[in-house]
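Commentary on secondary and tertiary structure
Given next are the chains, with one letter for each unit.
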Amino acid sequence: MTRAGEGRLNRIVSRDQLALVADDIGPMTAPVVILMHGGGQTRHSWSGAAQALARRGYRVVNVDLRGHGDSEWSKTGAYSLDDRVADVEAIVAQLEQPFALVGASLGGATSIHAVASAITPAAVVLVDIVPHPEPEGINRIVGFMRAHPNGFATLGEAVDAVAAYNPARPRPRDPKGLMRNLRQRDDGRFYWHWDPRVVSHRPEDFHETVQRSAVSLAQAGVPVLLVRGLKSDVVSDAGVAAFRELVPHLEVADVGGAGHMVAGDRNDAFNDAAIAFLERHMPLA
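Read on for an overview of the structure. Everything quoted here is computed from the prediction, not taken from an experiment.

**Description of the overall build of the chain**
Along its length, the chain carries nine helices and ten strands. For 285 residues, the compact-globule estimate of 2.2 N^0.38 gives 19 Å, and the C-alpha radius of gyration of the chain, at 18 Å, lies within 12% of that figure. Expressed along its principal axes, the backbone C-alpha trace of the chain runs to roughly 50 × 45 × 40 Å. Out of the 285 residues in the chain, the part that is buried amounts to 55%. Put simply, of all contacts in the chain between residues at least 6 apart along the chain, 73% involve residues at least 24 apart. Within the chain, the 33 negative side-chain charges are centred at a point lying 4 Å from the centre of the 29 positive side-chain charges.

Right under this line is the structure:
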């Protein structure tokens, strides 16, 4: 058995033969937590949470979503929520034990749609995403991801772009850490790691799908925790209230000092909330 914290690289092939890359850590026979990052992120955004969950005794499958990070890009631009749920199905097909879905933003939307598509997790943790998000916050994310299609001449330019998007977060002391999110191509320029076609669709169409799917969370009776950053411009009090109307058993953990990227802003608070919830609804043997 691999001890908690020791990682294995897991390669998952989805139904359209797209290869997904995941870090697989913790005891192989333990209940599984599937981590799915947000749009424009990679599995490295979960590094602290993955280690904390594995130390607690869970098996963690921390995946790069299709079109992101080390996972393959779809040649046909297959980036709908149905395509992403097919990826979840491929991961779940490898498992024999109970599993929970933990998704931030895009990963959370995928988790909601997965339940509507007859995937049956023991629990769902949604990180700063609701069926009715604030348009301004969503448009800011999409705008950032659509910007700089020609890449950056230097690593410093990429750091400046991130700082402009999230001015409240301190600039990194070593900008080389940003290389996890960049790829240097033959022309010498630095490009974001995601396929630009990931954000080629209207956000409104995407969220209408999530709104329809959210009803299934109540019908299925799956325990649901929403962890939101109180500084988020994506999830508002009105968005939480509308979500609770759809899912009356919704639990909410508010994290002060955190924006949309809760796990990155306040990883300790996120870990505490998520682990406490999972221990109640998907306990370790």
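That was the structure; now back to the text.
**Considerations on the side chain of Arg43**
You can see Arg43 is positioned in the loop between strand S3 (32-36) and helix H1 (47-56). Within polar-contact distance, the side chain of Arg43 engages the side chain of Asp70 at 3.0 Å. Setting aside anything within four residues of it in sequence, one finds Arg43 in contact with Leu9, Val21, Ala22, Asp23, His37, Asn62, Val63, Asp64 and Asp70.

**A look at the packing of helix H2 (residues 81-92) against helix H3 (residues 106-116)**
Where H2 contacts H3, the two axes come as close as 9 Å, and the packing angle between them is 80°. As summarised for this structure, H2 and H3 are arranged roughly perpendicular, according to the angle between their axes. In this structure, H2 uses Leu81, Asp82, Arg84, Val85 and Val88 to contact H3, whose residues at the interface are Leu106, Ala109, Thr110, His113 and Ala114. A breakdown of the residues in the contact of H2 with H3 according to their chemical character gives six nonpolar, two polar and two charged.

**Some thoughts on the pairing of strand S5 (residues 99-104)**
By the criterion of burial, S5 is predominantly enclosed, with six of the six residues buried. Burial along S5 is two-sided: Phe99, Leu101 and Gly103 facing one way and Ala100, Val102 and Ala104 facing the other are all buried. Where S3 and S5 come together, five bridges link them in parallel fashion. Pairing of Leu35 across the sheet is with Val102, part of S5. As judged from the five bridges shared by S5 and strand S6 (residues 123-127), these two strands associate in the parallel manner. In the sheet register, Gly103 faces S6, and the bridge partner there is Leu126.

Rules and cut-offs
Residues numbered from 1 in each chain as written. Predicted model: local features only at pLDDT ≥ 70, side-chain atom pairs only at ≥ 80, totals over all residues. Heavy atoms only, no water. Helix = DSSP H or I, 4+ residues; strand = E, 2+ residues; numbered from the N terminus. Rg over C-alpha atoms; globule rule 2.2 N^0.38 Å. Buried < 20%, exposed > 50% of the residue type's maximum accessible area, 1.4 Å probe, protein only. Contact = heavy atoms within 4.5 Å. Lys, Arg positive; Asp, Glu negative; His and termini not counted. Charge placed at Lys NZ, Arg CZ, Asp CG, Glu CD. Polar contact = N/O pair within 3.5 Å; in protein donor to acceptor, adjacent residues only side chain to side chain. Axes fitted to C-alpha atoms, helices over the stretch in contact; angles between N-to-C directions. Parallel < 35°, antiparallel > 145°, perpendicular 65-115°, else oblique. Nonpolar A, V, L, I, M, F, W, Y, C, P; charged D, E, K, R; others polar. Pairing = 2+ DSSP bridges.

All we've got here are geometric facts, nothing functional implied.
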